[in-house]
Structures are given as structure tokens and as C-alpha cells.
Amino acid sequence: MASGIRRALTRSFSACRGGSFVIAAALVCSSFAVAAGPQWHTSFEEAVTICQTSDLPIVAFFTGSDWCPHCKTLEKKVLHTKAFAEWAEGRVVLLEIDMPQDGLSREERAERSRICKAYGVRSFPSVLLIGPDGSVLHRQAGYSGQSAPHWIGMFAEHLPGTAETVAGKPDASSTRR
């Protein structure tokens, strides 16, 4: 992400002179901030640590970003939508385990394969709701065009917590298990 911002700022700097650069830089940075939404972690260990300290479950997205067309469609139509981002904020920790054909070191591929095997992921895309204790609360393999609200509903009904939280309306007075 940082390299993308740097490239965009460099292009903007080349195209602008003087004070207009500041305006262009602010616009570029704000567009990245708006598009970013909740943070998708790529480190399993980091996501687990956050999950355990926050007592929030993990939504783990197992993908093949450079070869899996259904993964790309699921990202575009569900996981990277405003509706999903708004639902996820404060309810779950987001984790992406990417298994591209190219670009991983042998060690990275082995570690990600170990995580896939540990959770029984055999097809892509797969999305798991993982509790703070490491148990799988819900599993969804494949994608066949369902809407973001449909996916939100599937995962919301398996969230630990009160009925109001499950319905997608967090209750500030409720306590999480």
C-alpha cells in the first residue's frame, strides 16, 4: 500500500508545480484512506494476537489472488464493499491468506500451506470465521455470486455475543464471551 501511495504521489508531483502539489497529494492520500476501509492483515500471528487481546473473531479469507477468478469476484462484490467494511469494523479481525502462483518465497508458501492444512482449507476461495480460541465458528467455501448483505448475514449469525450483535446491531452494554 505504501509503495502505491509513493507511486501516486510521485506521479502527482511530476504533474503539479508549487502549491498545487499539496492539494494533489492531499487528494491522493484521502482517496487511499477512503478506499482502504478496515485493515486486512496478512500475518496469521498478528491477526491471532489481535483476536485474543480484543476478544473478536477472525474472518479469514483464503485466496489465490493471481489465478482464482472466483476469489477476485468475491473480493470485489463482497469483501471490499462499503457494506462489508462497515459491518466488519469493530466486530471482526480481517485476515487474508493469499496463495498466489508466483511471488512467494518457499518459506512463505510453506507457512501459508500449514495454515490452510490446519484449518482444512482445500479450495479457494474459502472464508472462515475463527474464534479467539482458534475454533472454526463458520466455514464458507466457494463463491457463486451472493450479495454482500447475504455474506454479512451468514457470518453475523455465527458471531459470538448477544442476539443484537448477531443481528448486526452492536449493543454497547453487552459483554462478549
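Residues numbered from 1 in each chain as written. Predicted model: local features only at pLDDT ≥ 70, side-chain atom pairs only at ≥ 80, totals over all residues. Heavy atoms only, no water.

1. Observations concerning the pattern of salt bridges
Inspection of the entire model under this criterion finds two salt bridges. Close ionic contact of E86 with K82 constitutes a salt bridge, the shortest N to O distance being 3.9 Å. Separated by four residues within a single helix, E86 and K82 lie in helix α5 (residues 82–88), roughly one turn from each other. Judged on exposure class, the residue E86 and its partner K82 are both exposed. A salt bridge links E111 to R114; its shortest N-O distance comes to 2.6 Å. Residue E111 and its partner R114 are located together in helix α6 (residues 106–118), separated by three residues, close to a single helical turn. (Salt bridge = Lys/Arg side-chain N within 4 Å of Asp/Glu carboxyl O. Helix = DSSP H or I, 4+ residues; strand = E, 2+ residues; numbered from the N terminus. Buried < 20%, exposed > 50% of the residue type's maximum accessible area, 1.4 Å probe, protein only.)

2. A word on unusual backbone geometry
A negative phi holds for most residues other than glycine; trans holds for most peptide bonds. Here the bond from F124 into P125 is cis, since omega is -5 degrees, no more than 30 degrees from zero. Mapped onto the elements, P125 comes out in the loop between α6 and β4 (126–130). The phi torsion at D55 lies on the positive side, around 60 degrees, for a residue other than glycine. For D55, the position within the fold is in the loop between α3 (44–54) and β2 (58–63).

3. Some points on the sheet that holds strand β1 (residues 40–41)
Ordered in space as β1-β3-β2-β4-β5, the five strands form an open sheet in which the pairing is mixed. In this open sheet, the two edge strands, each paired with only one partner strand, are β1 and β5 (136–141). Relative to β5, β4 runs antiparallel, the two sharing five bridges. Paired with S126 across the two strands is A141, which belongs to β5. Here helix α7 (residues 148–156) sits on the sheet in contact with β4 and β5, set at roughly 150 degrees to β5. (Pairing = 2+ DSSP bridges. Contact = heavy atoms within 4.5 Å. Axes fitted to C-alpha atoms, helices over the stretch in contact; angles between N-to-C directions.)

4. Observations regarding the nonpolar core
With 23 residues, the main nonpolar core has V59, L74, V78, F84, W87, V92 and W151 as its most contacted residues. Counting only elements with at least two residues in this core, the list comes to β2, α4 (69–79), α5, β4 and α7. With six residues, the single largest contributor to this core is α7. For V78, the contacting residues outside a window of four places in its chain are T73, F84, Y143, Q146, S147, A148 and W151. Counting 17 residues, the second largest nonpolar core, distinct from the first, contains V93, L95, V121 and L128. (Core = buried A, V, L, I, M, F, W, Y, C linked by side-chain atoms within 4.5 Å.)

5. Description of the confidence of the model for the protein
Fine structural detail should not be taken from predicted coordinates in areas where pLDDT scores are low. Averaged over all residues, the pLDDT of the protein equals 80, while 71% of them reach at least 70. Within the model, the stretch residues 1–35 combines pLDDT values under 50 with 17 contacts to residues more than four positions away or in other chains. In this model residues 162–177 is a low-confidence stretch, pLDDT under 50, and it forms 26 contacts with partners more than four residues away in sequence or in other chains. (pLDDT = per-residue confidence, 0-100.)

6. Observations concerning the packing of aromatic side chains
This structure, assessed with the given rule, holds seven aromatic pairs. Note on W40 and F61: the rings are 6.3 Å apart at their centroids and 70 degrees apart in plane angle, and the pair reads as edge-to-face. Of this pair, W40 sits in strand β1 while F61 sits in strand β2, placing them 21 residues apart in sequence. Assessed through its relative accessible area of 1%, F61 is described here as buried. Summarising the aromatic geometry, the rings of F84 and W87 are spaced 5.6 Å apart at their centres and angled 50 degrees between planes, so their arrangement reads as tilted. Of the two residues, F84 and W87 are both situated in helix α5; the distance of three residues between them amounts to about one turn of the helix. Taken together, the ring pairs connect W40, F61, F84 and W87 into an aromatic cluster. (Phe/Tyr/Trp six-rings, centres within 6.5 Å; stacked < 30°, edge-to-face > 60°.)

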